[in-house]
Amino acid sequence: MPKTLQAGLQIAIELDRASEVPLYRQILDQLRDAILSGRLAAGSRMPSTRIFADELKVSRNTILQVFDLLKSEELLGGQTGAGTFVTTPQALPVAPPPMSMPPGAPALPFRALSRRGKNLVASATGAFAEKPTPFLPDQPDLREFPIKTWMRILNETSGRLTGQILAETSSAGYEPLRQAIAQHLNAARGMNCEAAQVIITTGTQQGLDLVCRMLLDPGDPVWLEDPGYVGAHTAIRANGGHLYPVPVDGEGIDVSAVIDHHPVPRMIFCSPSCHYPSGAPMPLERRQTLLETADRCGAWIVEDDYDYEFIYDGDPCPALFALDGQDRTIHMGTFSKILLPSLRLGYIVVPKDFAAAFAQARGVVDRHSSLIEQMVLSEVMHRGLFVSHIRKMKKLYRHRRDHMRTGLEALLGPEAWGRSGRSGTNLLLPLASGVDDGAIAARLARRGLMVRPLSPYVVTRSRPAGLILGFAAFRDTEIDRGLDLLAHCLPLQPAAAPRSRAAAR
Ligand SMILES: Cc1ncc(COP(=O)(O)O)c(C=O)c1O
């Protein structure tokens, strides 16, 4: 049950003691959200650390740590003994004060991260390099990357490099690659965009960061899928956006469920071709509802068109960008899954009237992506090799998904994966709500089987539980070996799911 503070604070602090997120972080995040959104008004007096700790049944040191961190972010202030207060936001000075440091004066205290830097660190989620061991999710099969073709084109392209080509590099990307992407999206995603609207990024993560920097102000509400992509959570949080979770069903994000509850969003983030991690593709009608809602709210839509290449059942719907008559959609794509994650190449497509601003901003944050890689990719696309590679990989991954499903059915019964895996590279095994999926994933890892728990992808405290299993990176024999290991770990969960400790209190 959520705990509500009574001691002068009118906000609910919810603690999930089964979560991997430390208690101090849960309290810190919720208080920071409340202050930045104005729910805890400037000047509000905080309860004493002792009362606060008693209310929440945590140690006083935990509350002291939270207060210290919020003070270091200048969100709380006050003297010992005089109480702790929510600070009044400081207006930025119109012009920096003139330098008037007397000679020999002590240096200013500079060895601290900025508030933004601390926010960035606090939103980090962990390491990325992991060995592709069954059933590690989100992995393409790196052995299928067309390395010989790539090297051949790289050799040819290097021979054509002239000083002029090198000098003409635009921060928005290599022009022929932008043209190739626009042509491809117009044919494959029903869009009608021009090369000038395509901005090459260092993958989706950079695209998300750029979009958040450009379109969000601190404290802006962002609606997003729950569960959903952690990379989006981190980019939005790091840029000061506030996450408002929206439930997901077999058709993707369902904004109608929250329209009367959440604050009006500045942005709605979704992955409509392949919801992460269930792999639900969004049908046409749901897309139209989403667009209408965004229209009513005056919100941007950020469409992560992740894994559109791997929609296995039925025809893919046109992109939201294509269906949007109001130019409120930013479309994002990546080459991480269809080619290589380490290429670090992706793109965003923005409305025409924002193209110049985004191109300029791209130059400010990171100049541009590696020119030579862009040139090779451009050739791969213009020669038609990209489309044939998509066709090949989709067929291969569909086969692997079916092979994995057949094996799982034999072990766990029909459709143990629910409705997952209609697109993408993963299957999701739902577990009973309240089950500690992190502990189950850790137990499987000790036996040599890599899966991810669902709970870290969930924003709300209701914590549906599940295991995310990747199939795409593994050959049939490797899938079979993984399934054998899984068979030795059964049953995955106790017959009667225990009540969570929070619920039991
Ligand atoms: C939902 C989603 N979008 C995008 C990406 C790709 O990110 P990037 O292009 O930064 O590698 C991933 C990677 O797993 C993902 O899960």
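Analysis parameters
- Residues numbered from 1 in each chain as written.
- Predicted model: local features only at pLDDT ≥ 70, side-chain atom pairs only at ≥ 80, totals over all residues.
- Heavy atoms only, no water.
- Near = heavy atom within 4 Å.
- Polar contact = N/O pair within 3.5 Å; in protein donor to acceptor, adjacent residues only side chain to side chain.
- Areas by Shrake-Rupley, 256 points an atom, 1.4 Å probe, with all protein chains shown as cover.
- Nonpolar A, V, L, I, M, F, W, Y, C, P; charged D, E, K, R; others polar.
- Helix = DSSP H or I, 4+ residues; strand = E, 2+ residues; numbered from the N terminus.
- Contact = heavy atoms within 4.5 Å.
- Core = buried A, V, L, I, M, F, W, Y, C linked by side-chain atoms within 4.5 Å.
- Buried < 20%, exposed > 50% of the residue type's maximum accessible area, 1.4 Å probe, protein only.
- Domains from an automatic or database assignment.

Inspection of the region around the ligand gives Gly-203, Thr-204, Gln-205, Tyr-229, Tyr-276, Asp-304, Tyr-306, Thr-334, Ser-336, Lys-337 and Arg-344 as its neighbouring residues. Between the ligand and Gln-205 there is a distance of 3.0 Å, counted from an oxygen atom to a backbone nitrogen or oxygen. Side-chain polar atom of Thr-334 to an oxygen atom of the ligand: 2.6 Å apart, as the coordinates give it. Considered on its own, the ligand offers 400 Å² of accessible surface; in the complex 92% of this is hidden by protein. Classifying every residue of the shell around the ligand by side-chain character gives 3 nonpolar, 5 polar and 3 charged.

This part covers the side chain of Thr-425. In this fold, Thr-425 is placed in the loop between α14 (385-412) and β13 (426-431). A distance of 3.4 Å separates a polar atom in the side chain of Thr-425 from a polar atom in the side chain of Asn-426. Filtering out sequence-adjacent residues up to four positions away, Thr-425 remains in contact with Asp-138, Gln-139, Asp-307, Phe-310, Tyr-397, Leu-469, Gly-470, Phe-471 and Ala-472.

Here the focus is the nonpolar core. Residues Phe-335 and Leu-467 are the most contacted members of the largest nonpolar core, which totals 63 residues. The two domains that each donate at least three residues to this core are domain 2 (146-384) and domain 3 (388-504). Setting aside anything within four residues of it in sequence, one finds Phe-335 in contact with Ile-181, Leu-340, Leu-343, Leu-345, Gly-346, Tyr-347, Leu-377, Met-381 and Phe-386. Listed in part, the 27 residues of the second largest apolar core include Ala-172, Val-222, Leu-224 and Val-350.

The next subject is unusual backbone geometry. Here Tyr-276 and Pro-277 are connected by a cis peptide whose omega angle stands at 5°. Phi is positive for Asp-307, which is not a glycine, with a value near 60°. Mapped onto the elements, Asp-307 comes out in the loop between β10 (300-304) and α11 (320-323). Residues other than glycine seldom take positive phi values, yet Arg-344 does so here, at roughly 55°. Here Arg-344 lies in the loop between β11 (329-334) and β12 (346-349). Residue classification places Arg-344 among the partly exposed positions, given a relative accessible area of 34%.

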